[in-house]
Amino acid sequence: MRLRNVKNKEEIMKNSSLLIVDYPSKKNHWNEEFNNNNPIYIEIGMGKGDFILGNALTYPDINFIGIEKYDSIVAMAIEKIEKNNDISNLRLLRMDAKDIENAFGKEVERIYLNFSDPWPKKRHSERRLTSNTFLKKYDNIFKSNKEIFIKTDNIELFEYSLVTLSNNGYVFNKVSLDLHNSDIQNNIMTEYERKFTEKNIKINYLEANKNV
Ligand SMILES: C[S@@+](CC[C@H](N)C(=O)[O-])C[C@H]1O[C@@H](n2cnc3c(N)ncnc32)[C@H](O)[C@@H]1O
């Protein structure tokens, strides 16, 4: 992602009630933060937030948490979300996903990974958000219901993810190599998805789950 420095990002982040700074204190207590026992779905690498915002508005009975590692991008997401909406079922975390076990106990029911960085070099493969390293971390934050939904333009990352997910006990409920020409309904677009679609680049999609 091209990173524009948002000059007043610290101020935007400091003044936002959407952003949870002290996320370790929420671990095992997210239901209290949301004041209900609704399911928790998270998006790792939410970018500027179109997808998580669209989901939060569409599904008010689900609690959504968007995670993003760069301050400037989080600040842009906050501005976008706060400009239009006052929503109670959405929170944001400025966090690198490698720290995810410090934010959640066994509380999460679904993880969305949209257009994750592909890390094409083999020596960086453990940085991919579907590497064994990350899938093991996700095991520690999932409740009994464990779902991972992925969208990507990158076929190598998609194939890699099919293998790692399968090796880690996931089964696939939906797989498409061309999401927008499939019968999969109710798709909510991300920023990257919109750009790729304008260029006629096909979107790979999967829904995986394991119940152990
Ligand atoms: C290619 S962009 C996709 C953004 C958005 N999901 C979309 O589809 O438009 C990948 C995003 O993931 C974020 N990201 C990458 N690795 C991350 C990590 N380990 N933890 C949190 N965010 C991460 C990047 O900063 C970037 O905003």
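The following paragraphs examine the structure supplied in this document. This is a predicted model, so every value here is computed, not measured.

1. Things to note about the pattern of salt bridges
Within the structure shown, the criterion is met by 10 salt bridges. Residue aspartate 139 pairs with lysine 210 through a salt bridge whose shortest N-O separation is 3.1 Å. Within this pair, whereas aspartate 139 is found in helix α5 (residues 132-141), its partner lysine 210 is found in strand β7 (residues 204-210), the two being separated by 71 residues in sequence.

2. So, the site of the ligand
Close to the ligand lie 18 residues, the nearest being Gly45, Glu68, Ala97, Thr190 and Tyr192. Contact distances for the ligand include 3.0 Å between a nitrogen atom and a side-chain N or O atom of aspartate 96. A distance of 2.9 Å separates a nitrogen atom of the ligand from a polar backbone atom of alanine 97. The fraction of the free accessible surface of the ligand (590 Å²) that becomes covered by protein chains is 95%.

3. What to know about the pairing of strand β3 (residues 90-94)
The buried fraction of β3 amounts to 4 of the 5 residues, a majority that puts the element mostly inside the structure. Judged from the 5 bridges that link them, strand β2 (residues 63-68) and β3 form a sheet pairing that is parallel. From the neighbouring strand, isoleucine 67 faces β3, where its bridge partner is leucine 93. For the crossover that starts at β2, traverses helix α4 (residues 71-84) and ends in the parallel β3, the hand is right-handed.

About the cut-offs
- Residues numbered from 1 in each chain as written.
- Predicted model: local features only at pLDDT ≥ 70, side-chain atom pairs only at ≥ 80, totals over all residues.
- Heavy atoms only, no water.
- Salt bridge = Lys/Arg side-chain N within 4 Å of Asp/Glu carboxyl O.
- Helix = DSSP H or I, 4+ residues; strand = E, 2+ residues; numbered from the N terminus.
- Near = heavy atom within 4 Å.
- Polar contact = N/O pair within 3.5 Å; in protein donor to acceptor, adjacent residues only side chain to side chain.
- Areas by Shrake-Rupley, 256 points an atom, 1.4 Å probe, with all protein chains shown as cover.
- Buried < 20%, exposed > 50% of the residue type's maximum accessible area, 1.4 Å probe, protein only.
- Pairing = 2+ DSSP bridges.
- Right-handed = clockwise from strand over helix to strand, strands pointing away.

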